[in-house]
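Each chain is listed here by its residues.
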Amino acid sequence: MKLSDKKAILSFSDGSKPVEFPIYDGTVGPQVIDIRKLYGQTGMFTYDPGFLSTAACASAITYIDGDKGEVLYRGYPIEQLAVNCDFMDICYLILNGDIPDLAQKKEFDTLVSHHTMVHEQMQFFLRGFRRDAHPMAVLTGLVGALAAFYHDSTDITNPHHRHVSAIRLIAKMPTLVAMAYKYSQGQPFMYPDNSLSYTGNFLRMMFANPCEPYVVNPVVERALDRIFILHADHEQNASTSTVRLCGSSGTNPFAAMAAGVACLWGPAHGGANEACLQMLEQLQADGGLAKVGHFMEQVKDKNSGVRLMGFGHRVYKNYDPRAKLMQQTCKEVLAALGLENDPLFKLAMEVERIALEDPYFVERKLYPNVDFYSGIVQRAIGVPTALFTAIFALARTVGWIAQWNEMISDPEYKIGRPRQLFEGPTTRQVPVRK
Ligand code: CMC
């Protein structure tokens, strides 16, 4: 962290002595005021529920400029990465800081592909679930259970263990997601085929069956790979912060990742892709394009409880660049699959058009986020709605594990322990009941 020449001085209206705090510069983005000594010096805490103004850590992985609508993975713009790299390049980049050269890429692809199988006992654990269980419930359990099967890489003080766990998680997530899907369908699990690409192998594990040959459709493979790239990391979002907080206690990486999966499930976060598609389907069932205007009035009415899913973001006050790429991918996939007239895509475009012109959305700077179009792409390639968030989790695993590793490697890391403003009763005596 680079110390700034500027200092922050906090003064009080009751005449108590002002206190001074150091300010640090990042390489880009807002400066931070280091308030770690605030409690020691004043006996006061800061109050910031929802972390509206709090940097909970220093990180060198992903940078978002919400006003510009920019995302950089390790300094590279997401638009360039989405076009020039595949998801394995992105995993390598996020974990190691640089885009791999051809030899490094080959070695990394081979390494990941050699960890795609899961312990055979995992299927018996999976079989304990109801077949109609939500995939995110199943995935939370399966990811947590990895700690029981891969205990030999859970020493978090050992960098080699941390590396092996990272590779295992990235490699095994597609297998687990596909197993959860196959189980819900009552179909046999498909073992990984390491001759395929990471994404091609996932498609095969999802959609092939043991009775017939399966050929990966390159358009679908590329589209899904792009979905993975766009979801790979997003700095200190709720699930990543959950992984960091959970991991800060020193727990093993599989347990910390399971916490991330659980957090991602919520509709304000990764669950928005499922909720967004359900919203569009409901709108279509209620009258489609003819009813968009009425629906948008409901969204603007605070008493209706209706939110426009796939819209708005804590950080972006401009178009989410991932949503732009997703919209483009959506058009390409629908055209390639002969679904240009997909009614949900038309509906989504109309909802977006109205929103971008409506003062409610304009004043609040609400734009489509990554989840607005991703569901339409996934639906077009045959992924069932309930599995959308599990696919997000698969892609975000690399971000979670890289951020967790960054935290554990940081000499300044401490267990995360927020404080509170207590508003409950002070000491009382337990009444004697007669
Ligand atoms: N529909 C209608 N109004 C909205 C929406 C929306 N989707 N999002 C924000 N607003 C309004 C909100 O009512 C508030 O209005 P007012 O100032 O009059 O009270 C204002 O905009 C600010 O909203 P906020 O809830 O204070 O903003 P936040 O930063 O706390 O929440 C958010 C961000 C993403 C949770 C929220 O925009 C939202 O619920 N969006 C829908 C769910 C969604 O798409 N989530 C995916 C996020 S991106 C992918 C990911 O992170 O997983």
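Residues numbered from 1 in each chain as written. Predicted model: local features only at pLDDT ≥ 70, side-chain atom pairs only at ≥ 80, totals over all residues. Heavy atoms only, no water.

Turning our eyes to something else, we now look at the sheet that holds strand β4 (residues 62-65). Sheet architecture is open: three strands sit in the order β4-β5-β6, paired in antiparallel fashion. Both edges of this open sheet fall to β4 and β6 (76-77), since each of them pairs with a single strand only. Sheet topology places strand β5 (residues 70-73) next to β6; two bridges connect them, and they run antiparallel. Residue pairing across strands places Leu 72 opposite Pro 77, the latter belonging to β6. (Pairing = 2+ DSSP bridges. Helix = DSSP H or I, 4+ residues; strand = E, 2+ residues; numbered from the N terminus.)

All right, on to the pattern of salt bridges then. All told, the structure shown has 18 salt bridges when counted by the stated rule. Here Lys 105 ties to Asp 89 by a salt bridge, and the two come within 3.2 Å at their closest N and O atoms. Of this pair, Lys 105 sits in helix α4 (residues 102-113) while Asp 89 sits in helix α3 (residues 87-96); the two residues are 16 residues apart in sequence, bridging distant segments of the chain. An identical accessibility class is assigned to Lys 105 and Asp 89; each is buried. The partner of Asp 109 in a salt bridge is Lys 105, with the nearest N and O atoms 4.0 Å apart. Residue Asp 109 and its partner Lys 105 are both found in helix α4; the two are separated by four residues, about one turn of the helix. Given a relative accessible area of 29%, Asp 109 falls into the partly exposed group. Residue classification places Lys 105 among the buried positions, given a relative accessible area of 18%. Through salt bridges with shared partners, a single network forms among Asp 86, Asp 89, Lys 105 and Asp 109. (Salt bridge = Lys/Arg side-chain N within 4 Å of Asp/Glu carboxyl O. Buried < 20%, exposed > 50% of the residue type's maximum accessible area, 1.4 Å probe, protein only.)

With that settled, consider the nonpolar core. Among the nonpolar cores identified, the biggest contains 121 residues, and Phe 87, Leu 139 and Leu 308 are the most heavily contacted of them. Broken down by element, the residue count for this core peaks at 14 residues, all from helix α18 (residues 388-409). Among the nonpolar cores identified, the runner-up in size contains five residues, and Ala 8, Phe 21, Ile 23 and Leu 38 belong to it. (Core = buried A, V, L, I, M, F, W, Y, C linked by side-chain atoms within 4.5 Å.)

This part is about the packing of helix α12 (residues 272-285) against helix α15 (residues 343-357). Interaxial distance between α12 and α15 falls to 10 Å at its minimum, and their mutual angle equals 100 degrees. With respect to their mutual orientation, α12 and α15 come out roughly perpendicular. On α15, the residues touching Leu 277, Leu 280, Glu 281, Leu 283 and Gln 284 of α12 are Pro 343, Leu 344, Leu 347, Ala 348 and Val 351. Here the contact of α12 with α15 is built from residues that sort into eight nonpolar, one polar and one charged. (Axes fitted to C-alpha atoms, helices over the stretch in contact; angles between N-to-C directions. Parallel < 35°, antiparallel > 145°, perpendicular 65-115°, else oblique. Contact = heavy atoms within 4.5 Å. Nonpolar A, V, L, I, M, F, W, Y, C, P; charged D, E, K, R; others polar.)

Near the ligand there are 22 residues, and of these His 269, Lys 302, Arg 307, Leu 308 and Arg 314 occur at the shortest range. Taking Phe 311, its main chain carries an N or O atom lying 2.9 Å from a nitrogen atom of the ligand. Separating an oxygen atom of the ligand from a side-chain N or O atom of Asn 369 is a distance of 2.9 Å. (Near = heavy atom within 4 Å. Polar contact = N/O pair within 3.5 Å; in protein donor to acceptor, adjacent residues only side chain to side chain.)

Now for the pairing of strand β2 (residues 19-25). Sheet topology note: the strand β1 (residues 2-10)/β2 ladder contains six bridges and is antiparallel. Residue Ile 9 lies in a different strand from β2, and its bridge partner there is Glu 20. Pairing analysis gives two bridges linking β2 to strand β3 (residues 32-33), with the strands arranged antiparallel. Following the sheet pairing, Tyr 24 is matched in β3 by Val 32. Between β2 and the antiparallel strand that follows it, β3, lie six residues; Gly 29 among them carries a positive phi value of about 95 degrees.

The subject of this paragraph is helix α6 (residues 135-149). Here α6 contains 15 residues, and its C-alpha end-to-end distance of 20 Å stays within 8% of the 21 Å for a straight helix at 1.5 Å per residue. Among the residues making up α6, those that are buried are Pro 135, Met 136, Val 138, Leu 139, Leu 142, Val 143, Ala 145, Leu 146 and Ala 147. Check the buried side of α6 and you find it contacts α5 (122-126), α7 (159-185), α11 (253-264) and α18. (Expected span 1.5 Å × (residues − 1).)

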